[in-house]
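What follows is the residue order along each chain.
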Amino acid sequence: GINCPGTCTAQISSGTSVTLTATPHLPESSFGGWSNACTSEPCTFTMNSDKTAIATFTLKQLKNIDKTDAYYDYLSDALTDAANGNEVRAHDSLIAPSLSYNRAGVSVKIAGGYDNAFTSRNSPSTTYTDITSPLTIQTGTLILDQIIIK
């Protein structure tokens, strides 16, 4: 098999069926999709000419700093997984669908404006994270720190 953590090439005989599977090597990244010779995951094609397959990976937008390797693509997943008193950090721009928070007795802090490593806030220190969809709090407590809900 081919293990390709970056750009790589391989010599494969004509007529050979090839299956590529995209696997993030870091817990803070997600597979975003294929392009060129690949259109689905896993990617399967037959070698009948030179082929180029490009896998795109993206950084996850959220991290629960109170858990080990707890990275999330979606705010709803981060909040569902958070324990009482946890802090979830977000990058500058957060794509979040409409969300209803309903966790009685659970208080979670959402802190915005963080860099890609979730260790420091981007400069200037007034950087905020925008949530561009409705956020409804039914029960429980959300503490919003440098978050703007538009």
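The notes below deal with the structure included here. Here the structure is a predicted model, which means the values were calculated and not measured.

**Observations regarding the overall build of the protein**
Then, in step 1: Helix and strand content of the protein: 1 helix and 12 strands.
Then, in step 2: Tracing the protein from N to C terminus, the helices and strands come up as β-β-β-β-β-β-α-β-β-β-β-β-β.
Then, in step 3: Taken over the C-alpha trace, the protein has a radius of gyration of 20 Å; the compact-globule value for 150 residues is 15 Å, which it surpasses by more than 25%.
Then, in step 4: Taken along its principal axes, the extent of the C-alpha atoms in the protein is 60 × 35 × 30 Å.

**Details of the pattern of salt bridges**
Then, in step 1: In the structure shown here, the tally under the stated rule is 5 salt bridges.
Then, in step 2: For aspartate 145, the salt bridge goes to lysine 109, with nearest N and O atoms at 3.4 Å. Taken as a pair, aspartate 145 in strand S11 (residues 135-145) and lysine 109 in strand S9 (residues 99-114) lie far apart in primary sequence, 36 residues in all.
Then, in step 3: Judged by its relative accessible area of 23%, aspartate 145 falls in the partly exposed class.
Then, in step 4: One salt-bridge network, in which partners are shared between bridges, spans Lys109, Arg121 and Asp145.

**A look at the sheet that holds strand S12 (residues 147-149)**
Then, in step 1: Sheet architecture is open: 3 strands sit in the order S8-S10-S12, paired in parallel fashion. For this open sheet the edge positions go to strand S8 (93-94) and S12, each flanked by a neighbour on one side alone.
Then, in step 2: Bridge count for strand S10 (residues 129-131) against S12 is 3 bridges, and the pairing is parallel. Bridge pairing in S12 places aspartate 130 opposite isoleucine 148.

**Re the layout of surface pockets**
Then, in step 1: For the largest pocket, the calculated volume is near 1,000 Å³.
Then, in step 2: If you list the elements that add at least two residues to the lining of the largest pocket, you get strand S1 (17-20), strand S2 (29-36) and strand S4 (53-59).
Then, in step 3: In terms of residue count, S4 provides more of the lining of the largest pocket than any other element does, 4 residues in total.
Then, in step 4: Residue classes in the lining of the largest pocket are distributed as 17 nonpolar, 14 polar and 2 charged.

**Describing the side chain of serine 30**
Then, in step 1: As for its placement among the helices and strands, serine 30 is situated in strand S2.
Then, in step 2: In this structure serine 30 comes out as buried when scored by relative accessible area, which is 9%.
Then, in step 3: A polar side-chain atom of serine 30 sits 2.7 Å from a polar atom in the side chain of aspartate 73.

**Comments concerning the nonpolar core**
Then, in step 1: Formed by 20 residues in total, the largest nonpolar core has its most connected members in Leu62, Leu75, Leu79, Leu94, Val108 and Leu142.
Then, in step 2: Of all the elements in the fold, those that place two or more residues in this core are helix H1 (75-81), strand S7 (87-91), S9 and S11.
Then, in step 3: With 5 residues, S9 is the single largest residue contributor to this core.
Then, in step 4: Setting aside its immediate chain neighbours within four residues, leucine 142 contacts Leu79, Tyr101, Val108, Ile110, Leu135 and Ile137.
Then, in step 5: Grouped together as the second largest cluster of nonpolar side chains are 7 residues, Val18, Ala22, Trp34 and Phe45 included.

**Here's the deal with the pairing of strand S3 (residues 43-46)**
Then, in step 1: Judged by which residues are buried, S3 turns out to be one-sided: Cys43 and Phe45 face inward and are buried, whereas Thr44 and Thr46, on the alternate face, are not.
Then, in step 2: When S1 meets S3, the two strands line up antiparallel, connected through 4 bridges. Bridge pairing in S3 links leucine 20 to cysteine 43.

**Comments concerning the sheet that holds S11**
Then, in step 1: Read across the open sheet, the 5 strands follow the order S6-S5-S7-S9-S11; overall the sheet is mixed. Only two strands of the sheet have a single neighbouring strand rather than two, namely strand S6 (71-72) and S11.

Here is what the cut-offs are and how they apply
- Residues numbered from 1 in each chain as written.
- Predicted model: local features only at pLDDT ≥ 70, side-chain atom pairs only at ≥ 80, totals over all residues.
- Heavy atoms only, no water.
- Helix = DSSP H or I, 4+ residues; strand = E, 2+ residues; numbered from the N terminus.
- Rg over C-alpha atoms; globule rule 2.2 N^0.38 Å.
- Salt bridge = Lys/Arg side-chain N within 4 Å of Asp/Glu carboxyl O.
- Buried < 20%, exposed > 50% of the residue type's maximum accessible area, 1.4 Å probe, protein only.
- Pairing = 2+ DSSP bridges.
- 1 Å grid on protein atoms, 1.4 Å probe; cavity = no way out; pocket = protein on both sides within 12 Å on 5 of 7 lines; lining within 4 Å.
- Points joined across faces, edges and corners; volume = space filled by probe spheres on them.
- Nonpolar A, V, L, I, M, F, W, Y, C, P; charged D, E, K, R; others polar.
- Polar contact = N/O pair within 3.5 Å; in protein donor to acceptor, adjacent residues only side chain to side chain.
- Core = buried A, V, L, I, M, F, W, Y, C linked by side-chain atoms within 4.5 Å.
- Contact = heavy atoms within 4.5 Å.

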